[in-house]
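Take a look at the letters that make up each chain.
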Amino acid sequence: MYSVEEICPDLSWQQELSDAFTRLDDLLDFLSIDIKNLTEHERACKSFPLLVTRSYAERIKKGDISDPLLRQVLPLPAELQQHSNFSNDPVGDSTATVLPGLIHKYHGRALIVTTPACAIHCRYCFRRTFPYADNSAHRSHFEHILSHLKSNPDIEEVILSGGDPLTLSDQRFKEVITKISAIKHIRRIRLHTRLPIVLPSRVTDFLLDTLVKISQPIIIVIHANHPNEITSEVTQALIKLKHPQITLLNQSVLLKGINDQADILVKLSHRLFDAQVLPYYLHLLDRVNGSMHFDLPQHEALTIYQHIQQKLPGYLVPRLAREEEAMPNKTLINQ
Ligand SMILES: *Cc1c(COP(=O)(O)O)cnc(C)c1O
Ligand code: SF4
């Protein structure tokens with residue numbers, strides 16, 4: 001017997017993805033926002049195009065140019081500024097790339113750049129300048145990656161990242177994860193995905209069925225930065241993912257003007273917990289070209305962090321960390 005899902009997987013999320021906003025004027029129309037120097041904003045889209053799902057856009061307050069969700073996706077003229085502390089590869093991914101599409105930086109964990117595609121383009125993203133054309137695990141590279149994983153028994157955890165691994169179709173995602181799962185020494189499989197936040201309809205029954213049939217435990221690290229991102233629809237999608245096989249964690253990026261206040265981050269932790277997700281990392285910004293206006297001095301980050309520690313039980317406090325080149329682990333910041 002086949003379930004209905006197997007014969008006819010839920011494709012509505014793919015339709016939603018192709019209906020996402022890709023033009024700034026359309027997005028601003030939808031939000032009833034008028035900006036005068038539109039062409040200057042549009043220039044910032046040349047190197048990194050605008051992309052926002054409708055589901056996400058609906059959570060932005062109409063008419064509010066400084067809405068914290070809009071600020072994450074709105075191209076700004078400031079992105080074109082260069083600064084000597086900012087570069088195209090701030091975390092040393094190119095030196096840690098062992099094969100096209102495979103980054104092996106930390107002991108026991110290898111990260112696959114599963115696809116260049118995302119469902120949203122976050123303006124602060126450290127992969128905004130990533131050379132995806134040569135470095136993602138498209139079909140020909142994927143077989144090489146699999147043989148590398150097979151012949152390296154010290155790799156015990158595979159991280160499917162990107163881009164966003166859940167932008168792959170249900171069938172392709174199933175093929176990828178099933179092939180990785182067949183490697184005996186892989187003990188855990190992790191997904192880094194923003195899809196449950198920006199496109200909750202992506203959490204299909206088919207996806208869930210695929211995940212729970214994998215023999216290894218699955219860790220899903222979602223990416224939410226602000227409590228307004230966690231609507232009831234998102235909460236439902238996350239609760240749907242809750243299963244003995246699956247651990248749900250969240251990582252955020254500390255962003256100036258967006259979530260750089262203790263009460264916002266405290267509220268985020270509470271909302272995540274309501275959706276059965278535990279906070280994992282609060283990242284300091286990766287200093288990628290074009291993201292300077294999101295940067296916060298480390299001492300300010302620490303002050304905010306101390307405040308959230310004072311307001312939350314320990315298990316709701318994310319680890320404050322920075323990603324650095326050529327380090328054996330992410331650098332935890334505590335002073
Ligand atoms: C962040 C990261 C990981 C995972 O690190 P954890 O501390 O285990 O979450 C693995 N590989 C790369 C390249 C990373 O950037
Ligand atoms: S990789 Fe993640 S942070 Fe970067 S643009 Fe895609 S969804 Fe946003």
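The model shown is predicted, which means the values in this text are computed figures rather than measured ones. (Residues numbered from 1 in each chain as written. Chains lettered and ligands numbered in written order. Predicted model: local features only at pLDDT ≥ 70, side-chain atom pairs only at ≥ 80, totals over all residues. Heavy atoms only, no water.)

### Observations concerning the overall build of the protein
Then comes step 1: Summing up its helical and strand segments, the protein has 14 helices and 10 strands in all.
Then comes step 2: Here the protein has a C-alpha radius of gyration of 19 Å; the compact-globule value for 335 residues is 20 Å, and the two agree.
Then comes step 3: Counting only C-alpha atoms, the protein reaches 55 × 45 × 40 Å along its principal axes.
Then comes step 4: Of all 335 residues assigned to the protein, the portion counted as buried reaches 55%.
Then comes step 5: Here the analysis covers contacts within the protein between residues at least 6 apart in sequence; of these, 81% occur between residues at least 24 apart.
Then comes step 6: Counting only carbon and sulfur atoms, one obtains 52% of the accessible surface of the protein, whose full area is about 15100 Å².
Then comes step 7: One way to put it: in the protein the 36 positive side-chain charges average out to a point 3 Å from where the 38 negative ones average out. (Helix = DSSP H or I, 4+ residues; strand = E, 2+ residues; numbered from the N terminus. Rg over C-alpha atoms; globule rule 2.2 N^0.38 Å. Buried < 20%, exposed > 50% of the residue type's maximum accessible area, 1.4 Å probe, protein only. Contact = heavy atoms within 4.5 Å. Areas by Shrake-Rupley, 256 points an atom, 1.4 Å probe, with all protein chains shown as cover. Lys, Arg positive; Asp, Glu negative; His and termini not counted. Charge placed at Lys NZ, Arg CZ, Asp CG, Glu CD.)

### As for the site of ligand 1
Then comes step 1: Surrounding ligand 1, one finds Ile 103, Lys 105, Tyr 106, Arg 109, Leu 111, Ile 159, Arg 190, Tyr 280, Tyr 281, Glu 323 and Lys 330.
Then comes step 2: One of the side-chain N or O atoms of Arg 190 is found 2.7 Å from an oxygen atom in ligand 1.
Then comes step 3: At 2.7 Å, a side-chain N or O of Tyr 280 approaches an oxygen atom of ligand 1.
Then comes step 4: In isolation ligand 1 exposes 390 Å². Once the protein is present, 92% of that is buried.
Then comes step 5: Counting residues per element, the ones that place at least two in the shell around ligand 1 are β2 (102-106), β3 (109-113) and β8 (278-283).
Then comes step 6: By residue number, the principal contributor to the shell around ligand 1 is β2, which donates 3 residues.
Then comes step 7: Residues belonging to the shell around ligand 1 are distributed by class as follows: 6 nonpolar, no polar and 5 charged. (Near = heavy atom within 4 Å. Polar contact = N/O pair within 3.5 Å; in protein donor to acceptor, adjacent residues only side chain to side chain. Nonpolar A, V, L, I, M, F, W, Y, C, P; charged D, E, K, R; others polar.)

### Section: the side chain of His 226
Then comes step 1: Structurally, the position occupied by His 226 is in the loop between β6 (218-223) and α12 (232-241).
Then comes step 2: At a separation of 3.0 Å, a polar atom in the side chain of His 226 contacts the main-chain amide nitrogen of Asn 228.
Then comes step 3: Setting aside its immediate chain neighbours within four residues, His 226 contacts Pro 68, Leu 69, Gln 72, Ile 258, Ile 264 and Leu 268.

### Examining a nonpolar patch on the surface
Then comes step 1: Nonpolar side chains collect at one region of the surface, where Phe 273, Leu 278 and Tyr 315 lie side by side and expose about 300 Å² of accessible area between them.
Then comes step 2: Structurally, Phe 273 can be placed in helix α13 (residues 262-274).
Then comes step 3: Take Phe 273: its relative accessible area is 42%, and that puts it in the partly exposed class. (Patch = residues over 30% accessible without salt bridge, like charges linked within 9 Å, V, L, I, M, F, W, Y side chains within 5 Å. Salt bridge = Lys/Arg side-chain N within 4 Å of Asp/Glu carboxyl O.)

### Overview of the domain arrangement of the protein
Then comes step 1: Domain annotation for the protein reports domain 1 (4-80) and domain 2 (97-332).
Then comes step 2: Relative to domain 2, the C-alpha centre of domain 1 lies at a distance of 21 Å.
Then comes step 3: Domain 1 puts 30 residues into the contact, and the matching count from domain 2 is 36 residues.
Then comes step 4: Where domain 1 abuts domain 2, roughly 2900 Å² becomes buried across the two surfaces, and 59% of that area is made up of carbon and sulfur atoms.
Then comes step 5: Linking domain 1 with domain 2 are 1 salt bridge.
Then comes step 6: A salt bridge links Arg 123 to Glu 79; the nearest nitrogen and oxygen atoms lie 2.9 Å apart.
Then comes step 7: Between the two partners, domain 1 and domain 2, sit 14 residue pairs in polar contact (both at pLDDT 80 or more).
Then comes step 8: Elements with a contribution of two residues or more to the side of domain 1 that touches domain 2: α1 (4-7), α2 (12-18), α5 (54-57) and α6 (68-73). (Domains from an automatic or database assignment. Buried area = accessible area lost by both parts, 1.4 Å probe.)

### Quick word on the sheet that holds strand β10 (residues 331-332)
Then comes step 1: With mixed pairing, 10 strands are arranged side by side in an open sheet as β1-β2-β3-β4-β5-β6-β7-β8-β9-β10. On the outer flanks of this sheet lie β1 (97-99) and β10, each paired with one strand and no other.
Then comes step 2: Pairing between β1 and β2: 2 bridges, direction antiparallel. Note on β2: the bridge partner recorded for Leu 99 is Leu 102.
Then comes step 3: Running over the sheet, helix α11 (residues 205-212) touches β5 (188-192), β6 and β7 (246-253) and is turned about 115° from β7. (Pairing = 2+ DSSP bridges. Axes fitted to C-alpha atoms, helices over the stretch in contact; angles between N-to-C directions.)

### Some words on unusual backbone geometry
Then comes step 1: The omega angle of the peptide bond from Gly 162 to Gly 163 is 15°, so this bond is cis rather than trans.
Then comes step 2: Inspection of the secondary structure puts Gly 163 in the loop between β4 (157-161) and α9 (170-181).
Then comes step 3: In this model, Gln 276 sits at a positive phi of 70°, which is unusual for a non-glycine residue.
Then comes step 4: Assignment of secondary structure puts Gln 276 in the loop between α13 and β8.
Then comes step 5: You can call Gln 276 partly exposed: its relative accessible area is 38%.
Then comes step 6: Residue Ala 326 is not a glycine yet carries a positive backbone phi of 60°.
Then comes step 7: The residue Ala 326 is located in the loop between β9 (319-322) and β10 in this model.
Then comes step 8: The exposure class assigned to Ala 326 is exposed, which follows from its relative accessible area of 71%.

### Some words on the packing of aromatic side chains
Pairs of aromatic rings are described using the distance from one ring centre to the other and the angle between the two planes.
Then comes step 1: Considering all chains together, one arrives at 4 aromatic pairs under this definition.
Then comes step 2: Look at Phe 21 and Phe 30: their rings are 5.2 Å apart centre to centre, the planes differ by 50°, and that puts the pair in the tilted class.
Then comes step 3: Residue Phe 21 is classed as buried on the basis of its relative accessible area, which comes to 3%.
Then comes step 4: Between Phe 273 and Tyr 315, the aromatic rings sit 6.0 Å apart at their centres with planes inclined by 50°, giving tilted as the arrangement. With Phe 273 in helix α13 and Tyr 315 in the loop between α14 (298-311) and β9, this residue pair connects regions lying 42 residues apart in the sequence. (Phe/Tyr/Trp six-rings, centres within 6.5 Å; stacked < 30°, edge-to-face > 60°.)

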